[in-house]
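Tertiary structure, described
Letter by letter, the chains look like this.
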Amino acid sequence: MANTDYDVLIVGGGLGGMYAIHKLRGMGMKVRAFEAGYDVGGTWFWNRYPGCRCDVESLEYSYSFDPKLEQDWSWEERYGTQAQILEYAKHVADRFDLRKDITFNTRVKAAVFDDKANTWTLTTDQGESFTAPYCIMAAGNLSTPRVPDFPGLKNFKGKTYHTGLWPHEGVDFSGLRVAVIGTGSSGVQMIPHIARQAKTLTVFQRTANFILPAENRPMDRAVEAKHKSEYRDRRVAAFDTPFGIAGYPPPTKSALEATPEEREAAYEKKWQEGGSISFLYSYTDLLLNKEANDTAVEFVHRKIKSIVKDPETAELLCPKDHPIGTKRLVLDTDYYPVFNMPHVKLVNARKAPIQELTEHGLRTTEAEYEFDAIVFATGFDAMTGALAEIDVRTTAGNVLKEKWAGGPLTYLGRMVSGFPNMFIITGPGSPGVKSQMILAIEQHMDFIAGCLQHMQSHQQRRVEADAAAERDWVRHVNEVADSTLYPLANSWYVGANIPGKPRVFMPYVGGVHNYKKRCDQVAANNYEGFKLSA
Ligand SMILES: Cc1cc2nc3c(=O)[nH]c(=O)nc-3n(C[C@H](O)[C@H](O)[C@H](O)COP(=O)(O)OP(=O)(O)OC[C@H]3O[C@@H](n4cnc5c(N)ncnc54)[C@H](O)[C@@H]3O)c2cc1C
């Protein structure tokens, strides 16, 4: 193998890239990560919009690799705020001295594998190139913000913002006429905060989402102490669950086996508890059987109508085009009551689509509006966007963009056949985005580290996903998705928010428990499905 600058090059300095550095350094490897932002944290560095917070409970959403870290760190609230998670990421970077191996303010533009020398060369927007035998893509699944290509975008004289590129100095909407476009997770978290400041707030909704109460509250120190005393067992138990989160009793019966009164009481209890997993755990078949799912849908519709006073607005807020849970469930604090405020208006952007931005606002097919500021809560080119922005190719003539033109193909979400020595963390074909993502990051990186260790001890230097194994895995991912209600939704899981993106179900929804078992088997069978060679 040729001499290289590093042993491993890493794209991304979010929680994924940070753990990759720590893990590989612990194996004696020389690593370098590249991060487009000026500091660590990824998602939590970029998404500084008001109200941004995690919807997995903070005691769960944290690294497990260092028992002392998880004992020392203290979370302030049931769900971590963006600010505290960023603080946590910075603390981890300081504690493990990670920044010395990260080049900040640097975007990787190209990654080329030399098929003869078995090395990757990464070229950055600073015009520099670096080589290593291995490359790890920790570029994130929700890291490529997208603003719809509205005509007239440049004509608008007011300010525009995207939730995923929020100004670090914050934004004061006091006295302004504000539009928010999009009612996914970010929009829902942000809208109550903007409503408190703005003179008027107009929310453009294309798709109503299912929004459940977060029931956020200050951290109960007794709960925290108990959780910390059980941390080790809980971390292990999380791998036996579909979403990688322990502590929620799994459901035991079908929604259709319960009487209407029992169902009402069960859903009400979960509604009061707050949280999405707990709600989906009401019955065994909410994500499998439409009739069962409809019972939960009816419950949530009734809740919305009991909160929102204007019947027309309430009706519009009731999601009708997808089963509950088939799009990412959103958790809220004060979202529905916002629409009872006299200065807040909901516009049906499905019935009257936005046609263009104008000098003073925007125009739909039905009306013209004037605004001082427009906020795009329009999401990301999810799961494949970050890799699509890098020119990934090999000297043997493989080009990732071409290979994925019809949708992403991977083996276990970890590797792409034809692209040796390149690993992906939490990529398409893995359950990453359908789980507590820090757990996914750690499991994926531990698998990669195990593979590299195995190769070292067998004097192997080249690893590639076998094309047949990849084909079988992709088929399995699709079969599993098709056995659920997930494909019924036009979600970012199928790329539906990006015009022209091939409609392919990208995450593995067979559950963290099944996926982890499969990865462990693959490792135990000498990395079955991967071609390893000297
Ligand atoms: C608003 C929001 C809320 C979320 N809430 C939750 C939640 O409640 N629970 C949960 O489990 N997950 C949540 N997520 C998912 C979250 O992305 C993950 O939990 C986790 O932070 C992912 O870490 P990562 O390092 O894999 O990716 P990211 O945090 O996305 O980091 C990737 C980094 O790579 C950098 N990068 C990308 N391309 C390049 C390039 N070419 N060159 C250089 N740098 C590059 C980016 O700048 C970014 O900093 C949320 C995501 C968002 C956007």
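The structure this text deals with has already been given above.
Sequence positions are assigned chain by chain, starting from 1 and proceeding in written order. Per-residue local features of the predicted model are confined to residues with pLDDT of at least 70, and side-chain atom pairs are confined, for both listing and counting, to 80 or more; whole-chain, interface and lining totals are unaffected and use all residues. The side-chain quantities take in all heavy atoms of the structure and omit both hydrogens and water.

Observations concerning unusual backbone geometry
Heads up, the rule is: Helix numbers and strand numbers start at the N terminus; a helix is a DSSP run of H or I with at least 4 residues, a strand a run of E with at least 2. Only protein chains enter the area calculation, which uses a 1.4 Å probe; residues under 20% of their type maximum are buried, those over 50% are exposed, and those in between are partly exposed.
Backbone geometry at Thr426 places phi at a positive 55°, although glycine is not the residue there. Positionally, Thr426 belongs in the loop between β21 (422–424) and α15 (437–457). Looking at Thr426, the relative accessible area reads 5%, which means it is buried. In this structure, Tyr527 takes a positive phi of about 60° despite not being glycine. Inspection of the secondary structure assignment puts Tyr527 in the loop between α17 (512–524) and β23 (530–533).

Comments concerning the nonpolar core
Using the following cut-off: Among the buried residues, those of types Ala, Val, Leu, Ile, Met, Phe, Trp, Tyr and Cys that are joined through side-chain atoms within 4.5 Å form a nonpolar core. Any two residues whose heavy atoms approach within 4.5 Å at even a single point are treated as in contact.
Counting residues in hydrophobic clusters, the biggest one holds 132 residues, and the most contacted among them are Ile10 and Leu24. By residue number, the principal contributor to this core is α15, which donates nine residues. Those residues in contact with Leu24 that lie beyond four places of it in its chain are Val8, Ile10, Met29, Val31, Ile136, Met445 and Leu452. One finds Val11, Val108, Leu400 and Phe419 within the second-largest nonpolar core, a separate group that totals 22 residues.

Focus on the pairing of strand β11 (residues 177–181)
What counts here: At least two bridges found by DSSP between two strands are what make those strands a pair. For a crossover, the right-handed case is the one in which the path from the first strand over the helix to the second runs clockwise, viewed with the strands pointing away from the viewer.
Most of β11 is tucked away: four of the five residues are buried. The sheet contact formed by β11 and strand β12 (residues 200–205) spans five bridges and is parallel. When the bridges of β12 are listed, Ala179 appears paired with Thr202. Once you follow β11 into helix α5 (residues 185–197) and on to β12, the crossover reads as right-handed. Note that β11 and strand β19 (residues 373–376) share four bridges and pair parallel. In the strand pairing of β19, Ile181 is matched with Phe376.

A look at empty space enclosed by the protein
Note the threshold: Using a grid of 1 Å spacing that covers the protein atoms alone, one calls a set of points a cavity when a 1.4 Å probe fits there but cannot get out, and a pocket when the set is open and has protein on both sides within 12 Å along at least five of seven lines; lining residues are those with an atom within 4 Å of a point. Grid points are joined across faces, edges and corners, and a volume is the space filled by probe spheres set on the points. Under the scheme applied, nonpolar residues are Ala, Val, Leu, Ile, Met, Phe, Trp, Tyr, Cys and Pro; charged residues are Asp, Glu, Lys and Arg; polar residues are all the others, including Gly.
The tally for this structure, following the rule as stated, stands at four cavities of 30 Å³ or more. Every residue lining the largest cavity is listed: Met137, Ala138, Ala139, Gly140, Asn141, Met383, Leu387, Ile424, Ile425, Thr426, Gly427 and Pro428. The residue makeup of the lining of the largest cavity, split by class, is eight nonpolar, four polar and no charged.

Focus: the side chain of Ser278
Operational definition: Two N or O atoms form a polar contact when they lie within 3.5 Å of each other; inside protein one atom must be a possible hydrogen donor and the other a possible acceptor, and for residues adjacent in sequence the pair counts only when both atoms belong to side chains.
Mapped onto the secondary structure, Ser278 falls in helix α9 (residues 276–280). Exposure remark for Ser278: the relative accessible area of 1% places this residue in the buried category. Within polar-contact distance, the side chain of Ser278 engages the side chain of Glu273 at 2.8 Å. In this structure, Ser278 is in contact with Tyr248, Lys270 and Glu273, ignoring residues within four places of it in sequence.

Observations regarding the environment of Tyr336
Assignment of secondary structure puts Tyr336 in helix α12 (residues 335–338). For the pair Tyr336 and Ile304, spaced 32 residues apart in the sequence, the C-alpha separation amounts to 7.0 Å. Setting aside anything within four residues of it in sequence, one finds Tyr336 in contact with Asn209, Ile211, Ile304, Ile307, Val308 and Leu317.

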